[in-house]
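# Commentary on secondary and tertiary structure
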Amino acid sequence: MTLLQTAEQIQTMQIRGAGKIAREAVAALRDHAETLPRTGDVAAFIREMEHAASILLGTRPTAVSLPNAIQMVMRDVRTARTEEAARRILREKADAFIWSSRTALDRIAAMGANHIPDGSIVMTHCNSKAALGCILEAKRQGKDIEVYATEVRPWNQGRLTIKTLNDNEIPTTYFVDSAVRSMMKEIDLVIVGADAITVNGAVVNKIGTSQIALCANEARKNVIVTAETYKFAPRTILGELIQIEERAQNEVLPDDIAATLPFVRVKNPVFDVTPADYIDMIITEAGALPPHLAYTIMREYLGWGLDELQNQFL
Ligand code: RUB
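Quick caveat: nothing in here was measured; it's all calculated off a predicted structure. Residue positions within a chain follow its written sequence, with the count starting from 1. Totals for whole chains, interfaces and linings use all residues, but because this is a predicted model, local features are given only for residues with pLDDT of at least 70 and pairs of side-chain atoms are given and counted only at 80 or more. For side-chain calculations, the full set of non-hydrogen atoms in the structure is used, while hydrogens and water are omitted.

### What to know about the sheet that holds strand β6 (residues 203–206)
- Strand order in the open sheet made by the three strands is β5-β6-β8, with antiparallel pairing throughout. In this open sheet, the two strands that pair with only one neighbour each are β5 (196–197) and β8 (271–274).
- Sheet topology note: the β5/β6 ladder contains two bridges and is antiparallel. Within β6, the position partnered with isoleucine 197 by the bridge is valine 203. Any two strands are treated as partners once DSSP identifies two or more bridges connecting them. Starting at the N terminus, helices and strands are each numbered in turn, a helix being any DSSP run of H or I of at least four residues and a strand any DSSP run of E of at least two.

### Regarding the site of the ligand
- The cutoff for a nearby residue is simple: one of its non-hydrogen atoms must lie within 4 Å of the molecule or strand. The environment of the ligand is made up of 17 residues, and the closest members are Arg16, Ser128, Lys129, Asn205 and Lys231.
- Counting of polar contacts relies on pairs of N or O atoms within 3.5 Å, with two restrictions inside protein: one atom must be capable of donating a hydrogen and the other of accepting it, and residues adjacent in sequence are counted only when both atoms are side-chain atoms. Between glycine 17 and the ligand, the recorded distance is 3.0 Å, taken from a backbone N or O atom to an oxygen atom.
- Between an oxygen atom of the ligand and a main-chain N or O atom of alanine 130, the distance comes to 3.1 Å.
- Using a 1.4 Å probe, accessible areas were evaluated by the Shrake-Rupley method; residue-level cover was limited to the displayed protein chains. Here the ligand has 450 Å² of accessible area as a free molecule, and 98% of this is covered by the chains.
- Those elements giving two or more residues to the shell around the ligand turn out to be α2 (18–35), α6 (129–140) and β6.
- Boundaries between domains were set according to an automatic or database domain assignment. Mapping the shell around the ligand onto the domain boundaries places at least three of its residues in each of domain 1 (3–105) and domain 2 (115–313).

### Section: the sheet that holds strand β3 (residues 172–175)
- Overall, mixed pairing links the seven strands, which are arranged β3-β2-β1-β4-β7-β9-β10 in an open sheet. Edge positions in the sheet fall to β3 and β10 (287–289), since each of these pairs with one other strand and no more. Strand-to-strand twist across the sheet, computed as the mean angle between neighbouring axes with direction ignored, equals 25 degrees.
- In this structure, strand β9 (residues 281–284) lies alongside β10, joined through three bridges in antiparallel fashion. Bridge pairing in β10 places isoleucine 282 opposite leucine 289.
- Residues are treated as being in contact if the distance between any of their heavy atoms lies within 4.5 Å. Axis angles are defined between N-to-C directions and span 0 to 180 degrees, where every axis is a line fitted to C-alpha atoms and, for a helix, only to the segment in contact. Across the face of the sheet, helix α9 (residues 209–218) comes into contact with β1 (121–124), β2 (146–150), β4 (189–192) and β7 (222–226) while running at roughly 160 degrees to β4.

### Thoughts on the packing of aromatic side chains
- The aromatic pairing rule takes the rings of Phe, Tyr and Trp, using the six-membered ring of Trp, and pairs them if the centres are within 6.5 Å, calling planes under 30 degrees apart stacked, those over 60 edge-to-face and the rest tilted. Overall, the coordinates contain two aromatic pairs when judged by the stated rule.
- The criterion is that NZ of a Lys, or CZ of an Arg, lies within 6 Å of the ring centre and within 35 degrees of the ring normal, and then a charge sits over that ring. Between the NZ or CZ atom of lysine 206 and the centre of the ring of phenylalanine 271, over which it lies, the distance is 4.4 Å.

### Quick look at the packing of helix α4 (residues 65–74) against helix α5 (residues 83–114)
- Running from N to C, α4 and α5 cross one another at 140 degrees; their axes reach a closest spacing of 8 Å. For the element pair α4 / α5, the angle class is oblique. Taken as a pair, α4 and α5 cross one another with a handedness that is right-handed. Of the residues in α5, those in contact with Ala69, Met72, Val73 and Met74 of α4 are Leu90, Lys93, Ala94 and Phe97.
- Residue polarity is assigned by list, with Asp, Glu, Lys and Arg as charged and Ala, Val, Leu, Ile, Met, Phe, Trp, Tyr, Cys and Pro as nonpolar; anything else, Gly included, falls into the polar class. Its residues assigned to classes, the contact of α4 with α5 comprises seven nonpolar, no polar and one charged. An angle below 35 degrees is treated as roughly parallel, one above 145 as roughly antiparallel, one from 65 to 115 as roughly perpendicular, and anything else as oblique. Crossing handedness is read from the near helix: turned anticlockwise from the far helix by less than a right angle, it gives a left-handed crossing, and turned clockwise, a right-handed one.

Put into structure tokens, the structure is as follows:
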């Protein structure tokens, strides 16, 4: 697949989910480099790769896994002295990112499974590889668990989730998003993924996550967020806000119906923000943390303290 095809598939959501978007984007950058003729001109190579990176970055705005992964791969490429060195660094960094991303998912699954008690019912929302990994690991350990899964309008990512759960013989209950509060009394805990985590521990995830967290809080049920550390957004330290993607209105209301309703406006935000107060724990490959330790992850684990950010961006 070419880089443009990968970009198109991310934009049209054939490739989706924050972790997968990051891994596929990095693989696309790596493979794109192989298609460029060797000229010996390192500056030209870096320029071409920056252009390729910008195409990928322009696909979807919310999941910070995408810019974080591209930055991890491109940072040292930019200072390479020769084209061969730039190519080698790009390849090594891309492979390292993909490997560490998969390892992170395994670690999160192991830690997350510890928080799913035998006999419990877990509610999940959307289709998160990190969250599902914990559920599948709990099942693999022999725990008797059930899952309650939402539909996830308008893209129905819940169908992907129930297919995986069904394939793994996990008893699953499926319902429309608006049934969440009614169902909350029947479940024991909520596990979801994340597209971005801000410095104050707020979690950006699929639209509807914040309602689930609010209902869970009311019902005194724990909310666990599972997220690889590259989903933490260091630039929020500088006050930058996470952009919430708004997609086309015809994903919600078909154009022919909308055309008959000139006074109706359709909004289609696809992510929302859950404040840290509604989250009990964020499970990362670096450990299971309270959300208020988000800055510590950014500084100690990702190496982005205020000083580093100011040097880089201000
Ligand atoms: C996907 C979504 C997922 C997170 C985490 O939204 O909100 O919960 O991306 O997923 P979309 P993962 O379908 O719009 O991409 O744990 O797989 O990274």
